[in-house]
Amino acid sequence: MLIKELKFYIAEGAPATRQATNRDRGTMMKVPPGLSGLFTHAEGVRGRAPDDEYCEFPPEPEAPTYDATLRLVTDGGLDAYAPFGTGFSCSELEWECKDFKARIGPLIVGIDAFDREHIWQKLWYAQRFFYTGRRPIDLIDRMLWDLASRHANLPIYKLLGACREEIPAYRNIGGNTIDDLVADGLRARAEGYVGCKDHSYRGVKGNAEMARALRAALGDDFKLMHDPVESYTCLEAIKIGRVLEECNYEWIEEPLQDYDLMGLKKLSDALDLPVMALEWIGAVGGEPFNASAFLALQAIDIVRQRGHGITGSIKLSQMVEGFGLQVHGGDPHVALAVGHDPLHETVGGLKPRPPEEELDCLGTLVVENGAMSIAWAPRRPQEPDWDQRARGALAVI
């Protein structure tokens, strides 16, 4: 099934408004007590800022938007396709599509769409030689796995060799105060989750108080995880880690900057509590390969999944398994295909199982009854009518 051509279809999207604000993310401040010199997200320390600290430009009136769909045309009767981008300028979106087709198209046209490893390797090296970033490899690889799923009439996790049908699920909790975090943790437990994770940047003293309050309120059988997002020094992380051990936490996540290889090694040696890292260093590019040094030095206990595409994620998972360690996060299909990802991190709340008639072989994410699964049925989704798409498009590239 050879890839014959890349085609883009640009259509008018739903009208939308534009605004620019930092109200959704706030600003930054030094981690309490401020002696380390580290900066963190201010709202994880003090809650929301006063209104006069925000910078924002009010919404404009509604304006037209434009959506682009990428299609990999094959000679095999099924094509790969996915949303490519959206914007307020049709001409700018057109040129984004043209640039992608000019730079990436020649790398993959003429290759069998089932030769995913071949294409993955090409796009991996394109990051270096053409400075593409990870977007092309993430996008194209997932499109090719979706194509394989429709071709085989099976979900991706089955094609990968499913290890299980569900994984226990937790969700993140938030709030401006420790009382808010406790209240949200109680809601998570009532919703059926097996655990919850905070993103609190209150420093050792504040987070120790939080950890003890959460454990006291939620009981010993509810899983707790702490993600301070690189807001500790190594010595501070050791101090809070010992408190978390007392409170029977599952792990501490991203305690130091991911680049601090030797600091993570020192921390992991000092604690019995598992240490998770490599979310940021993986997100900016490099996984699966940049995890190898951390594993070889036994600097971490759990690798945050940030592999490039489905193919890169499986590579990372298998490498981690070879060291007898755990991996966490990433695509649900990959998580179900391996046995050493302990929990599913829920984003977007509970997702009940849809009616049977709405299911197809691509699968639908389900989060209910304290577990994540993928509901599916052995039938293909209806293929797009590309002639109709072309007739309704503002541009076909």
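In the block above lies the structure referred to throughout.
Notes on the structure in this doc start here. Everything numeric in this text was worked out from a predicted model, so none of it was measured.

All right, on to the packing of helix α8 (residues 234-246) against helix α9 (residues 261-270) then. Contact geometry for α8 and α9: axes closest at 10 Å, N-to-C directions at 25°. The orientation of α8 with respect to α9, classified from their angle, is roughly parallel. The handedness of the crossing between α8 and α9 comes out as right-handed. Mapping the contact onto sequence places Cys234, Leu235, Ala237, Ile238 and Arg242 in α8 and Gly263, Lys266, Leu267 and Ala270 in α9.

Another aspect to go through is the sheet that holds strand β7 (residues 80-87). Strand order in the open sheet formed by four strands is β7-β6-β1-β18, with antiparallel pairing between adjacent strands. Pairing within the sheet leaves two strands with one partner each, and these edge strands are β7 and β18 (395-396). Pairing of strand β1 (residues 3-12) with strand β6 (residues 66-74) involves nine bridges; the strand directions are antiparallel. Bridged to Ile10 within β6 is Ala68.

Attention now moves to helix α4 (residues 135-152). Its 18 residues give α4 an end-to-end C-alpha distance of 26 Å, which sits within 8% of 26 Å, the value for a rise of 1.5 Å per residue. Where burial is concerned, most of α4 is hidden: 13 out of the 18 residues are buried. Positive backbone phi, at 65°, marks Asn153, one or two positions downstream of α4.

Turning next to unusual backbone geometry. Cis geometry is adopted by the peptide bond preceding Pro33, which originates at Pro32 and carries an omega value of 0°. Looking at the element boundaries, Pro33 is found in the loop between β3 (28-30) and β4 (39-41). The phi dihedral of Gln298 falls on the positive side, at around 55°, and the residue is not glycine. Residue Gln298 is classed as exposed on the basis of its relative accessible area of 56%.

Once that is clear, we can look at helix α2 (residues 90-108). In this model α2 runs 26 Å from its N-terminal to its C-terminal C-alpha over 19 residues, within 8% of the 27 Å that 1.5 Å per residue would give. Ala102 marks the point of greatest bend in α2, at about 35°, and the proline Pro106 comes within the next four residues. Those residues of α2 not exposed but buried are Cys90, Leu93, Cys97, Phe100, Ile104, Gly105, Leu107 and Ile108. On its buried face, α2 is in contact with β1, β6, β7, α3 (116-129) and α4. Where α2 terminates, the next one or two residues include Gly110, which has phi positive at roughly 95°.

The subject of this paragraph is the pairing of strand β9 (residues 195-198). Where a strand is regular, its side chains alternate between the two sheet faces. Neither face of β9 is left uncovered, since the one carrying Gly195 and Lys197 and the one carrying Cys196 and Asp198 both have all their residues buried. Alignment of strand β8 (residues 167-172) against β9, held across three bridges, turns out to be parallel. When the sheet's bridge partners are listed, Arg171 is paired in β9 with Cys196. Crossover β8 to β9 through helix α6 (residues 178-190) is right-handed.

As a further point, take the environment of Lys101. Inspection of the secondary structure puts Lys101 in helix α2. Exposure remark for Lys101: the relative accessible area of 25% places this residue in the partly exposed category. Sequence-wise, Lys101 and Glu165 are 64 residues apart; in three dimensions their C-alpha atoms are separated by 38 Å.

Turning to the layout of surface pockets, a few remarks are in order. Approximately 760 Å³ is the volume found for the largest pocket. Around the largest pocket, the lining is made up of 29 residues, and of these Arg25, His41, His199, Tyr201 and Val229 lie nearest the centre. Elements that contribute at least two residues to the lining of the largest pocket include exactly β4, α1 (43-46) and α10 (279-283). Grouping the amino acids of the lining of the largest pocket by side-chain chemistry returns nine nonpolar, 11 polar and nine charged. Its boundaries defined by the atoms lining it, the second largest pocket holds a volume of some 240 Å³. Arg304, Gly329, Gly330, His344 and Glu345 are, among the 14 residues lining the second largest pocket, the residues nearest its centre. Of all elements in the fold, only α13 (332-337) and β15 (344-346) reach the threshold of two or more residues within the lining of the second largest pocket.

Cut-offs applied
- Residues numbered from 1 in each chain as written.
- Predicted model: local features only at pLDDT ≥ 70, side-chain atom pairs only at ≥ 80, totals over all residues.
- Heavy atoms only, no water.
- Axes fitted to C-alpha atoms, helices over the stretch in contact; angles between N-to-C directions.
- Helix = DSSP H or I, 4+ residues; strand = E, 2+ residues; numbered from the N terminus.
- Parallel < 35°, antiparallel > 145°, perpendicular 65-115°, else oblique.
- Left-handed = near helix turned anticlockwise from the far one by under 90°.
- Contact = heavy atoms within 4.5 Å.
- Pairing = 2+ DSSP bridges.
- Expected span 1.5 Å × (residues − 1).
- Buried < 20%, exposed > 50% of the residue type's maximum accessible area, 1.4 Å probe, protein only.
- Bend = angle between axes of the 7 residues up to and from the residue.
- Right-handed = clockwise from strand over helix to strand, strands pointing away.
- 1 Å grid on protein atoms, 1.4 Å probe; cavity = no way out; pocket = protein on both sides within 12 Å on 5 of 7 lines; lining within 4 Å.
- Points joined across faces, edges and corners; volume = space filled by probe spheres on them.
- Nonpolar A, V, L, I, M, F, W, Y, C, P; charged D, E, K, R; others polar.

Note that all results are geometric; they support no functional claim without further evidence.
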